[in-house]
Amino acid sequence: MYYGVESRKVASVYSKLKELVVDFQFRPGEHLHINELSTTLKVSVTPVREALIRLTDEGLITTQPNRGFFTKIPDLHEIDDVYGLLHMVLRSSLEARQDDFVAAPLSGPDAEMAAPDAARLLCIRLERLHDQIARMSLNRELVRLTRQCNERTRYVRLVDCGSRHAGEIREQLSALVAALQGSSAHQAIQELDRLLHSQRTRLTSIVREVVSGAAINF
């Protein structure tokens, strides 16, 4: 166990590496060399190793015996399962409030999005909305689970938000926001179903694009 300065150092390295992993800054299946990362981050190998172990425990990277740590190669079934879990969590948050549904306290609209940041900003808007819906449940475990699902699928979401379907995603997002700001839980659930179902139908092509190396490097 680490204390004081060492504990803060491990936490800082973990936070930096996690951001790089979930934002798809490493290639799928890339070998994460501890020595190279420690040089890049200007820290000793110990906090890097501890951070990688933690990321492995969270399912964000993998480890191979006698070889070390690797970024995950997207697996269609796993990603679809995570999207399905996210759908169930968000749907249950709305269903739990059907009898006392009130307009959700949503963040204001983002500024006009322009390339090359449009995909990232759209992805942020989606994840922020997921988080806000989960918080409507008043259940901290559902909020935690939602954030984990967002992290594990962010690279797929980024690619989707940068695709020709971006306009459709924005339209569906706006419809869901309007429903949440209204007074109908039923309409909000319908719009949530429409948004997430359409995203899941595109997963096969997105995963194929990512694995082939043709995806945009965000």
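Cut-offs applied
Residues numbered from 1 in each chain as written. Predicted model: local features only at pLDDT ≥ 70, side-chain atom pairs only at ≥ 80, totals over all residues. Heavy atoms only, no water. Helix = DSSP H or I, 4+ residues; strand = E, 2+ residues; numbered from the N terminus. Buried < 20%, exposed > 50% of the residue type's maximum accessible area, 1.4 Å probe, protein only. Polar contact = N/O pair within 3.5 Å; in protein donor to acceptor, adjacent residues only side chain to side chain. Core = buried A, V, L, I, M, F, W, Y, C linked by side-chain atoms within 4.5 Å. Axes fitted to C-alpha atoms, helices over the stretch in contact; angles between N-to-C directions. Parallel < 35°, antiparallel > 145°, perpendicular 65-115°, else oblique. Contact = heavy atoms within 4.5 Å. Nonpolar A, V, L, I, M, F, W, Y, C, P; charged D, E, K, R; others polar. Expected span 1.5 Å × (residues − 1). Arc of directions from axis to C-beta.

Draft legend 1. Region of interest: the environment of serine 38. Tracing the sequence through the fold places serine 38 in helix H2 (residues 34-41). Its relative accessible area of 8% is what places serine 38 among the buried residues. In this structure the C-alpha to C-alpha distance between serine 38 and valine 48, which are ten residues apart in sequence, comes to 6.2 Å. For serine 38, the side chain forms a polar contact with the main-chain oxygen of asparagine 35, separated by 2.7 Å.

Draft legend 2. Quick look at the nonpolar core. Counting residues in each nonpolar core, the largest one holds 28 residues, and the members touching the most others are Leu94, Ile133 and Leu180. Put simply, the parts of the chain that give this core at least two residues each are helix H4 (76-95), helix H5 (118-135), helix H6 (140-152), helix H7 (154-161), helix H8 (166-181) and helix H9 (185-201). With 17 residues, the next largest nonpolar core counts Leu17, Leu37, Ile61 and Phe69 among its residues.

Draft legend 3. Representation of the packing of H6 against H7 within the structure. Running from N to C, H6 and H7 point in directions that differ by 60 degrees, and their axes come no closer than 5 Å. Classified by the interaxial angle, the pair formed by H6 and H7 is oblique. For the pair formed by H6 and H7, the contact residues are Cys149, Asn150, Glu151 and Arg152 on the first element and Arg154, Tyr155 and Arg157 on the second. Split by residue class, the contact of H6 with H7 holds two nonpolar, one polar and four charged.

Draft legend 4. Focus on H8. With 16 residues, H8 ought to run about 22 Å at 1.5 Å a step, and its terminal C-alpha atoms sit 22 Å apart, in line with that. The complete set of buried residues in H8 reads Ala166, Ile169, Gln172, Leu173, Leu176, Val177, Ala179 and Leu180. End-on view of H8: buried residues confined to an arc of 160 degrees, all on one side of the axis. The inward-facing, buried residues of H8 abut H4, H5, H7 and H9.

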